[in-house]
Amino acid sequence: MAREKDADRSVRGKQGHQLGPEAKDPTRAVVIVPVLARQPRGDDDSSRPRLSRSADARHDEAVGLASAIDLDPVHTAVVTVNDPRPATLLGSGKVAEFADIVKERKAELVIVDHPLTPVQQRNLEKELNAKVLDRTGLILEIFGERARTKEGTLQVELAHLNYQKGRLVRSWTHLERQRGGAGFLGGPGETQIESDRRILQDKITKLKHELETVRRTRDLHRAKRKKVPFPVVAIVGYTNAGKSTLFNRLTGAGVLAEDMLFATLDPTLRRVRLPHGTPIILSDTVGFISDLPTHLVAAFRATLEEVVEADLVLHLRDISDPDTAAQAEDVERILGDLGVDAADTDRVIEVWNKIDLLDKGNRERLLAESAGGKAPPIAISAATGEGIDALKALIETRVSGELETMTVTLNPAQLGQVDWLYRNGDVVSRTDNEDGSVTISLTATHSARQEIESRLHRKNSA
């Protein structure tokens, strides 16, 4: 049973990346979303069944991925697969049907939103007479377009080479074998495919060395940050959850933030001062996605180490998305693979974004249901600014402790500390005494109070 949707308009991304021959028009693509009737059991804990994702949500995500690199999905279809075929995944009848659609629509590319084996991909390309990309290949194409830094480019290239290594086909069948050995007769030589595989492996080894250099540089930067111990807060979440919009809201930075899957790829770090003066380093990371290819997880390990090393993790969820629970589970699984326990409420804060897109009834119901938990999520709108002040206050409490009230009296020699107190605390009252001293009542975080006491003690000792 297949549900089909025809696209009459070209769905275009922001940049003109082309997968087919160089052309001005976007590449025409057919998008197929296979839904397996019986999901294969993975290596996950069987005591926690995986949430099923709706077919419509999977369809919309697949079209969104295609649109992210300026493809024109001229035909899309959700296909239920009762019995996956080892040769083509889809049944022979469906393959023939899509072959006709590809020919009729003059499509150059077929996207299959499911992992394909090299044999399945090769057979489908032969039957459909078009280039075929599976989910992994499509995400790699998007990452290749989004990478801007040297590190990001290296990581994508490494993932691409690992992906290609298992998909080599003999390009020159007439050569069969290259000449090998010395002299006229030569030895058995090596097949062209073996030569290609060796060349790829050499490139992979070289890239791994380059990435190791990048990783060491990151370690040095991280060590320097620890010498000036600013807490690190990392924003993680499903792609398109609004991470970059929240990052811009908190920092005033100009990071690309669009309604597009994987709008940003390279991690960004900014220093932020919270309301009571606590400085933090805020990190915006690459978006997660269901069935994230293992090649990418491995290649982006250096980037994702920013999450592992973070003092606090903000798990941002698009609460307006019907599949928000399944998306949250996918993020939690990847965090678990990185060694971060999403259930650790002392380290992970769940943030519900896009609360402004919910109607009043749904908003009140969700907030009421979550209110009774040990660490209820905090609802915000990164776009409108709703709830941002409460989020900042919560972050500051987590990294610096609860607010405390204190009163200090500064003698004339200590008046240089007045400005620091105003910047790092909430001054409630100030009294200028006749002897030239100043008495200030303020609320400050626990760490700020310790710093104040240390500063005054050093001044008195001097």
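Scoring rules and cut-offs
Residues numbered from 1 in each chain as written. Predicted model: local features only at pLDDT ≥ 70, side-chain atom pairs only at ≥ 80, totals over all residues. Heavy atoms only, no water. UniProt positions renumbered as here; feature names shortened; annotations may be inferred. Helix = DSSP H or I, 4+ residues; strand = E, 2+ residues; numbered from the N terminus. Buried < 20%, exposed > 50% of the residue type's maximum accessible area, 1.4 Å probe, protein only. Contact = heavy atoms within 4.5 Å. Polar contact = N/O pair within 3.5 Å; in protein donor to acceptor, adjacent residues only side chain to side chain. Pairing = 2+ DSSP bridges. Core = buried A, V, L, I, M, F, W, Y, C linked by side-chain atoms within 4.5 Å.

The name given to the protein in an unreviewed UniProt entry is GTPase HflX, with the source organism recorded as Mesorhizobium album. The UniProt entry for the protein carries the following comment under Subcellular location (unreviewed entry): "Cytoplasm".

> Is there a simple way to think about the overall build of the protein in this case?
Counting its secondary structure elements, the protein contains 14 helices and 14 strands. The proportion of buried residues among the 462 residues of the protein is 46%. Residue pairs in contact within the protein that sit at least 24 positions apart in sequence constitute 71% of those at least 6 positions apart.

> Can you walk me through the environment of D359 in this structure?
By secondary structure assignment, the location of D359 is in the loop between β10 (348-353) and α11 (360-370). Remark: the alpha-carbon pair of D359 and S320, spanning 39 residues in sequence, is separated by 9.7 Å. A polar contact of 3.2 Å, which involves the side chain of D359, links it to the backbone nitrogen of G361.

> Would you explain the sheet that holds strand β6 (residues 232-237) in this entry?
Hydrogen bonds between backbone groups are what pair the strands of a sheet, and the pairing can be parallel or antiparallel. The six strands lie next to each other as β7-β8-β6-β9-β10-β11, forming an open sheet whose pairing is mixed. The two strands at the open ends of the sheet, each matched to only one other strand, are β7 (268-273) and β11 (378-379). Here six bridges tie β7 to strand β8 (residues 279-284), and the two strands are oriented antiparallel to one another. Across the sheet, residue V272 finds its bridge partner in β8, namely I280.

> What is the right way to look at the nonpolar core in this model?
For soluble globular proteins, the rule of thumb is that nonpolar side chains tend to be buried together. Grouped together as the largest cluster of nonpolar side chains are 37 residues, with contacts concentrated most on L71, I111, L138, V236, F288, V307 and L335. Listed by contribution, the elements that provide at least two residues to this core are β2 (27-36), α1 (55-67), β3 (71-81), β4 (109-112), α4 (135-146), β6, α9 (301-308) and α10 (324-337). Residue contributions to this core peak at four residues, all from α4. Leave out the neighbours within four places in its chain, and I111 touches V30, V31, I32, L71, L133 and L138.

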